[in-house]
Every structure is written in structure tokens, then in C-alpha cells.
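One letter stands for each residue in the lines below.
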Amino acid sequence: VTDPDIGSQGSVKQWVAGAGLDHDPAGTRERKLAILADFCARVGKEPDELVAFCILRKKATGERFLSVKRRETVNGWLDEFAAEQGWTGKDAVVNPNVVRSFLIHNGVFIQGGVWRG
Amino acid sequence: MEFKQVIGNRRTIRFFDPNRPVEPEKIQVMLEAANRSSRAVNADFAKAIVCYRDELTDEVREQLKTPTTTVQIDLAPVTIFWYGDATFVNGAQDRLKELVDLGALPVTHGWTHPYVDDLVFPQVLEPLSKDQLATTWAVSVEAGLAIAHAMLAGVDEGLGVGLHAFNAAGAKDVLKVPDHWIPMWILLVGYPAEDAKGGGQRPRRPLSQSYYRGQYGNPWTEMPEVTERLKREGMIQDPMPADASERMREVKELAERFGLPT
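Definitions and cut-offs
- The numbering scheme is per chain: residues are counted from 1 as the chain's sequence reads.
- Each chain gets a letter, beginning with A, and each ligand a number, beginning with 1, in the order they are written.
- Two thresholds apply to this predicted model, a pLDDT of at least 70 for residue-level local features and 80 or more for giving and counting side-chain atom pairs, whereas whole-chain, interface and lining totals are computed over all residues.
- Only hydrogens and water are removed before side-chain values are computed, so all heavy atoms of the structure are retained for them.
- What counts as a helix is a DSSP run of H or I of at least four residues, what counts as a strand is a run of E of at least two, and both are numbered from the N terminus.
- Exposure classes here rest on a 1.4 Å probe applied to the protein chains alone. A residue is buried below 20% of its type maximum, exposed above 50%, and partly exposed in between.
- It only takes one pair of heavy atoms within 4.5 Å for two residues to be counted as in contact.
- Here the Shrake-Rupley method, with its probe set to 1.4 Å, supplies the accessible areas, and only the displayed protein chains count as covering residues.
- In this count, Lys and Arg are taken as positive residues and Asp and Glu as negative ones, while His and the chain termini are left out.
- Where a charge lies is defined by one atom per residue type, namely NZ (Lys), CZ (Arg), CG (Asp) and CD (Glu).
- Any carboxyl oxygen of Asp or Glu that lies within 4 Å of a side-chain nitrogen of Lys or Arg is treated as forming a salt bridge with it.
- Accessible surface is computed with a 1.4 Å probe, and the buried area is the amount of it that two parts give up when combined, taken over both parts together.
- Here the nonpolar group is Ala, Val, Leu, Ile, Met, Phe, Trp, Tyr, Cys and Pro; Asp, Glu, Lys and Arg are the charged ones; every other residue, Gly included, is treated as polar.
- pLDDT measures how confident the predictor is about each residue, on a scale from 0 to 100.
- Structural elements are reduced to axes, namely lines fitted to C-alpha atoms, with helices fitted over the stretch in contact, and the angle between N-to-C directions of any two is expressed from 0 to 180 degrees.
- For this classification, under 35 degrees means roughly parallel, over 145 means roughly antiparallel, 65 to 115 means roughly perpendicular, and everything else is oblique.

## With respect to the overall build of chain B
Then comes step 1: A count of helices and strands for chain B gives ten helices and four strands.
Then comes step 2: C-alpha atoms of chain B, sized along the principal axes, occupy 65 × 55 × 35 Å.
Then comes step 3: For chain B, the residues scored as buried account for 42% of the 262 residues in total.
Then comes step 4: Sequence-distant contacts, at least 24 apart, represent 80% of the contacts inside chain B between residues at least 6 apart.
Then comes step 5: Carbon together with sulfur atoms contributes 54% to the accessible area of chain B, which is approximately 14600 Å² in total.
Then comes step 6: Computed over 29 positive and 37 negative side-chain charges, the inter-centroid distance for chain B is 5 Å.

Okay, here's the thing in C-alpha cells:
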């Protein structure tokens, strides 16, 4: 997955529009897209697939629901990803939350780290 | 603070100052307020476990978190886990007769020891205690009254508060909660990092949409002079403006401070 690739995905377009990434300085926007792209590459999922991973369907009714376990899994992946990237201090909170921002703007209610420094 | 001002000032605070400690004295005020709440059969329906975030081990704190509560639990210095006691009927007979003896349940209204022993306990309370749905209903209503007292007392003490659902299964294990306690809410407590007025009161519908006089369908008619008085006395405050740009700016600043997603 590369930056231009993910930009064309519906979920990424929704994120860019919802979070107002177009109004960010170019460098900030590219950094956020790169974090998402690297994370997606790390977990072997396209952005659209990552959103779909968090949403399951009830066997009986087919109704969509947000899986707590899947979101816990994503949070675990994000912890591992942050450690592998060598992020420390506030970066270790802010950067994984870029991915959570992507998920949130695609309807996935997910919370993670807080910087209390 | 005046009572009406306390009601008017309460908001669900979602951004707490994580590093400003909450005085245990203020928590005691909140618990005592809960302990003074109205309650059927003079029972202690409400139970609570007060957790100071920084007194919990990392392992325990992690167990209490879910993907939907992490931010709040990390930001709030204190989380009060509220439960309702499903065994509230135990001792009810004695408590009622004590109230009869004290004159709180007066003979003028029909209260006597035989009434408690022969009717109230065997015909009302015992059957109620064996009906799970009815027990959950009674416990939830009664615990809710106590929780509301505690919440408003917190506001009166200058604290920010917020009620939320929580992962009851995880908490039960970590907090060693007895089986007969029914999970209610968590009450997050701390000093607000956001504007304590949260940008204004949340939108509310007029009284006529929910409250009636005499019978359903005959809406309560508001008296404008009362509404105006409540505005002067602080119960009714300016609502959040339709133009939310100022609030959005505040949320963005808080997100930057705490490293949260936007």
C-alpha cells in the first residue's frame, strides 16, 4: 500500500473530508496519510478493509454492529505498531490516534491513548 | 452554591484535568449526599466503589478500559463505580418498624408493626425480591436517586462530573464486586479541563413535550414569569449556540493538549 493508493479509497476520502485534512498544511496531511498507510501495510489490510474489520454482522439478523473484540484487537495492533516505530512521549499517543481518527470518521467508535504529560 | 444554580451548572464533563487531584473530602461530600437520598423501605440500594486512577496498578487500569471508555478513564482522576444492591429486602422489616417507632411512618397513614409484618413484608417485599425484573427496576430507580445526589453534590463542590456506561464484566473481576450488586453507571469526577459550562446548556425540549396536567395529552403550561425567574436564578442558562465554532475550537485545543484524534 502506498500513499497515492490509499487516497483513492472511499474510507480515506471520507476521513480526509470529515477531519478536514485538506485544510491541514501539506506536510501534516502527508504525515497522517503515511501513518495510516504504514499501519495498513503492517496489518496487511487496505483502509476499507480495516474499517470493515471492526464491523460485524449478527448471524441471526444480518444487522451490522461494532465489535468490541475487533476494536480491542486494533488497539493491540496500534500498541505494537507504535513500539515498532520507536515512538515515545507524546508521539506515542498522537500518532496511533491518527489511525483512530481515520476509524472514527468512518463510524468506528474507538478510543486509545491520552497524553497526560 | 444555590441549589438552582447547581442544577443549572451541571454538565457532562468529558475533558478532565488529569493532573489536578480531587480532594477525598469532596468525594466524601458526594457519598454523604448519596447516603441522604430518598429510598424505599429505608434500604441502602446504592453501593459504590471509589477508584483513584493513580492508585490503581497499570494492570487493573487496563482491565477497566474498553475501546469506548479509555479516554475518560485516563483523564478523570476519580471514577466512582455505582451498583445497586439486589438484596435490599434483607432487613426491610426491621427498618420499616424502626420508622414506625420513630413516627416517620405514622399511624395516621396506616402504618403499624402488624401491617409491616403481616402485609408489607410477606405480600409485597418478599414477592418483589423474587421477581428479577421487578428487583432490577426498583434497584435501578432507587440507585439512580442516590447517584443524582452525588453528582449534584460534586457540582456544588466545584467538580466536573459525567455518568457513563462501563464494562461491568471487567470491573466485577477487578473490583471484586459481589454477585448481588447490579451494575449501574460510572461517575467520572475531576476538575474540568474544558469550560465548566461546556459551552452552554444542552438542548432541551419544552416542558409541554414531556409533562402533563391531569391526564396524558394535556400538556403542562409554562408560566413565563417562572421561566424568567429560573433564568435569573441560574437553573435555566444560555443554551449551546447553534454556531458551534467556538466549542469546536475548544475541542481542537483540548485534542492537541491530550494528543487525541480529531
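## Section: the pattern of salt bridges
Residue and element names in this part refer to chain B.
Then comes step 1: This model, assessed by the stated rule, comprises 19 salt bridges over all chains.
Then comes step 2: One salt bridge in this structure joins Lys4 and Glu233, with 3.3 Å as the shortest N-O distance. Highlighted residues: Lys4 in helix α1 (residues 3-9) and Glu233 in the loop between α9 (224-232) and α10 (245-258), separated in sequence by 229 residues.
Then comes step 3: According to the relative accessible area criterion, Glu233 is partly exposed, its value standing at 30%.
Then comes step 4: For Asp117, the salt bridge goes to Lys97, with nearest N and O atoms at 3.0 Å. Highlighted residues: Asp117 in helix α6 (residues 113-130) and Lys97 in helix α5 (residues 92-102), separated in sequence by 20 residues.
Then comes step 5: Exposure remark for Lys97: the relative accessible area of 17% places this residue in the buried category.

## Some remarks on the interface of chain A and chain B
Then comes step 1: On the side of chain B, 20 residues touch chain A, which itself brings 22 residues to the contact.
Then comes step 2: Interface of chain A and chain B: buried area, both sides summed, is about 1500 Å²; carbon and sulfur atoms make up 51% of it.
Then comes step 3: Of all residues in chain A, the largest losses of buried area upon contact with chain B belong to Gln111, Val114 and Arg116 of chain A, amounting jointly to 46% of the total for that side.
Then comes step 4: Across the contact surface, chain A and chain B share one salt bridge.
Then comes step 5: Taking the shortest distance from any N to any O, the salt bridge between Asp54 of chain B and Arg116 of chain A comes out at 3.8 Å.
Then comes step 6: Elements that contribute at least two residues to the side of chain A that touches chain B include exactly α5 (68-85) and α6 (91-104) of chain A.
Then comes step 7: Per-element accounting of the side of chain A that touches chain B gives the leading share, six residues, to α6 of chain A.
Then comes step 8: Its residues placed into classes, the side of chain A that touches chain B shows nine nonpolar, eight polar and five charged.

## Structural notes on the confidence of the model for chain A
Then comes step 1: Mean pLDDT over chain A stands at 92; residues scoring 70 or higher make up 97%.
Then comes step 2: When mean pLDDT is taken per element in chain A, α6 of chain A scores highest with 97 and helix α1 (residues 3-7) of chain A scores lowest with 70.

## Some thoughts on the packing of helix α4 (residues 47-54) of chain A against α5 of chain A
For any two helices packed against each other, the geometry comes down to the angle between their axes and how far apart the axes lie.
Residues and elements named next belong to chain A.
Then comes step 1: Packing of α4 against α5 leaves a shortest axis separation of 8 Å and a crossing angle of 135°. With respect to their mutual orientation, α4 and α5 come out oblique. Here α4 contributes Leu50, Phe53 and Cys54 to the contact with α5, which in turn contributes Arg70, Arg71, Thr73, Val74 and Trp77.
Then comes step 2: Here the contact of α4 with α5 is built from residues that sort into five nonpolar, one polar and two charged.

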